[in-house]
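Below, each chain spelled out in residue letters.
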Amino acid sequence: MSLSVSGYMNQFYKGNLFAAAKNGRTGQSPNSLAAADMKAVRKAVRQLGEYDYEEGDGEELVNKVQAFVSTYNNYMDSAKGIEDEDAQRYLKQLKKMTKEFAGELDDIGITVQSTGKLAVDKKTLQSTGRYQVSRLFGSDAQFSVQLEKQMNRTDRLFKRNRLDIPKKIQKPAVKPSDKPSEGGPQEGGTESGDGSVSDENTKLAQQLAAVLSGSMVNYTV
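This is a predicted model, so every value here is computed, not measured.

What counts, and at which threshold
- Residue positions are counted from 1 within each chain, in the order its sequence is given.
- Given that the model is predicted, a residue must reach a pLDDT of at least 70 before its local features are reported, and side-chain atom pairs must reach 80 or more before they are shown or counted; all residues, however, enter totals for whole chains, interfaces and linings.
- Working from all heavy atoms in the structure, the side-chain values ignore hydrogens and water.
- The term nonpolar core refers to a set of buried residues drawn from Ala, Val, Leu, Ile, Met, Phe, Trp, Tyr and Cys, joined through side-chain atoms within 4.5 Å.
- Categorising residues by exposure relies on relative accessible area from a 1.4 Å probe, with only protein chains included: less than 20% of the type maximum marks a residue as buried, more than 50% marks it as exposed, and the intermediate range marks it as partly exposed.
- Contacts between residues were defined by any pair of non-hydrogen atoms, one from each residue, lying within 4.5 Å.
- Working convention: axes come from line fits to C-alpha atoms, limited for helices to the stretch in contact. Angles between N-to-C directions cover 0 to 180 degrees.
- Numbering of helices and strands runs from the N terminus, with a helix taken as a DSSP run of H or I at least four residues long and a strand as a DSSP run of E at least two residues long.
- By the definition adopted for this analysis, an angle is roughly parallel if under 35 degrees, roughly antiparallel if over 145, roughly perpendicular if from 65 to 115, and oblique otherwise.
- The crossing is said to be left-handed when, going from far helix to near helix, the turn is anticlockwise and less than a right angle, and right-handed when the turn is clockwise.
- Residues are sorted three ways: Asp, Glu, Lys and Arg are charged, Ala, Val, Leu, Ile, Met, Phe, Trp, Tyr, Cys and Pro are nonpolar, and all the rest, Gly among them, are polar.
- Only the six-membered ring of Trp is used, alongside the rings of Phe and Tyr, when aromatic pairs are assigned; centres must lie within 6.5 Å, and planes under 30 degrees apart are stacked while those over 60 apart are edge-to-face, with the rest tilted.
- Think of it as a cone above the ring: NZ of Lys or CZ of Arg counts as a charge over the ring if it is within 6 Å of the ring centre and within 35 degrees of the ring normal.
- Two N or O atoms form a polar contact when they lie within 3.5 Å of each other; inside protein one atom must be a possible hydrogen donor and the other a possible acceptor, and for residues adjacent in sequence the pair counts only when both atoms belong to side chains.
- Here a cavity means grid points, on a 1 Å grid over the protein atoms only, where a 1.4 Å probe fits yet cannot get out; a pocket means an open set of points with protein on both sides within 12 Å along at least five of seven lines; lining residues are those with an atom within 4 Å of a point.
- Grid points are joined across faces, edges and corners, and a volume is the space filled by probe spheres set on the points.
- One less than the residue count of a helix, multiplied by 1.5 Å, gives the span that helix is expected to have.
- Every case where a carboxyl oxygen of Asp or Glu lies within 4 Å of a side-chain nitrogen of Lys or Arg is listed as a salt bridge.

K.L.:
An account of the nonpolar core is needed here, citing residue identities and associated values.
P.N.:
F68, Y75, F137, F143 and L147 are the most contacted members of the largest nonpolar core, which has 49 residues in total. Ignoring any residue separated from it by four or fewer positions in sequence, one finds Y75 in contact with A34, D37, M38, V41, L91, L94, M151 and T154.

K.L.:
Please give an account of the packing of helix α1 (residues 5-12) against helix α4 (residues 58-79) that cites residues and values.
P.N.:
Look at α1 against α4: their axes get within 8 Å of each other, and the N-to-C directions meet at 55°. On the basis of the axis angle, α1 is oblique to α4. As α1 packs across α4, the resulting crossing turns out to be right-handed. Residues V5, Y8, M9 and F12 of α1 lie in contact with α4, whose contacting residues are E60, N63, K64, Q66, A67, F68, S70, T71 and N74. Looking at the contact of α1 with α4 residue by residue, the classes come out as six nonpolar, five polar and two charged.

K.L.:
Please give an account of the packing of aromatic side chains that cites residues and values.
P.N.:
Centre distance and the angle of the planes are the two values used to describe a pair of aromatic rings. Summed over all chains, the structure comprises seven aromatic pairs. Look at Y51 and Y53: their rings are 4.8 Å apart centre to centre, the planes differ by 80°, and that puts the pair in the edge-to-face class. Given the relative accessible area of 6%, Y51 is considered buried. Note on Y53: relative accessible area 15%, which makes it buried. Through pairs of rings, three or more aromatic residues link up here, namely F68, Y72, F101, F137 and F143. Positioned over the ring face of Y90 is R153, at 4.3 Å from the centre of the ring.

K.L.:
Residue-level account of the environment of Y72, with values.
P.N.:
Looking at the element boundaries, Y72 is found in helix α4. Along the primary structure Y72 and G116 are separated by 44 residues, whereas in three dimensions their C-alpha atoms are 9.6 Å apart. Residues within four places of Y72 in sequence aside, it is in contact with V41, L94, T98, G116, L118 and L147. Within polar-contact distance, the side chain of Y72 engages the side chain of T98 at 2.7 Å.

K.L.:
Could you give an account of the layout of surface pockets, naming the residues involved and the relevant values?
P.N.:
Taken as a whole, the second largest pocket holds about 290 Å³ of empty space. Of all the elements in the fold, those that place two or more residues in the lining of the second largest pocket are α1, α2 (22-25) and α4. Considering each element in turn, the lining of the second largest pocket owes the most residues, four residues, to α4. When the residues that make up the lining of the second largest pocket are grouped by side-chain class, the tally is five nonpolar, five polar and three charged.

K.L.:
Can you explain helix α3 (residues 30-50)? Please cite residues and give values.
P.N.:
One turn of the α-helix equals 3.6 residues, which is why residues spaced by three or four share an orientation. The end-to-end C-alpha distance of α3 is 30 Å, a good match for the 30 Å that 21 residues give at a rise of 1.5 Å each. Counting buried residues in α3 gives 17 out of 21 residues, a clear majority hidden from the surface.

K.L.:
Explain the pattern of salt bridges to me, and be specific about the residues and the numbers.
P.N.:
Any two side chains of opposite charge can pair if their charged atoms end up close together. This model, assessed by the stated rule, comprises nine salt bridges. R25 is the partner of D37 in a salt bridge, and the nearest nitrogen-oxygen pair spans 2.8 Å. Remark: R25 occurs in helix α2 and D37 occurs in helix α3; sequence separation between them is 12 residues. Pair check on accessibility: D37 and R25 agree, each one buried. R89 is the salt-bridge partner of D86, the closest N and O atoms lying 3.2 Å from each other. Of the two residues, D86 and R89 both sit in helix α5 (residues 85-100), three residues apart, roughly one turn of that helix. Residue D86 is classed as partly exposed on the basis of its relative accessible area of 27%. Salt bridges here are not isolated pairs; linked through shared partners, they connect K39, R42, D155 and K159.

Purely geometric numbers; function is a separate question.
The following block contains the structure:
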């Protein structure tokens, strides 16, 4: 049974359904959205690779391709907002790779735009033979293989550069002119109270425990 485009989008964004809809993406950080979008793109590509191009339902294929395009465009939007040189370099590589298949994509109704996003002509897609679509999205098709490979590389980059972990809110630094009150704790002291060494050590220990438990790590799809 074929799902609607939104139905497939909900499948691809399982774990962060808000990212599947435009109004649900508002307020989420580019890093969080990009992490969800990468996983959604990979799921979309894998489902298209598993589709039965000989006997599969035509409507199912059209809806899956449209859902893939939506996840891809979502990633184009979120990735450009990531403040990381490596992530931006990988984004340029993805755009370049997709552009290399522009002619083949155009043949099935998908246009590569100047922004790097994709646009679908549904009528052209519907009239295209399934074999022709399989040449781009089949399990062994070069476009889908290279696309998933690029998404996997970017995912590893996110983990390596810790882009999937939200930045901590930094407290204002103490100015050199600020002096501890008379009788306050000295260097190496252990007295408790606001700004004391013991309080700060406790906070650091709590933060470390939170990171190790995964509570500070962004949701995954």
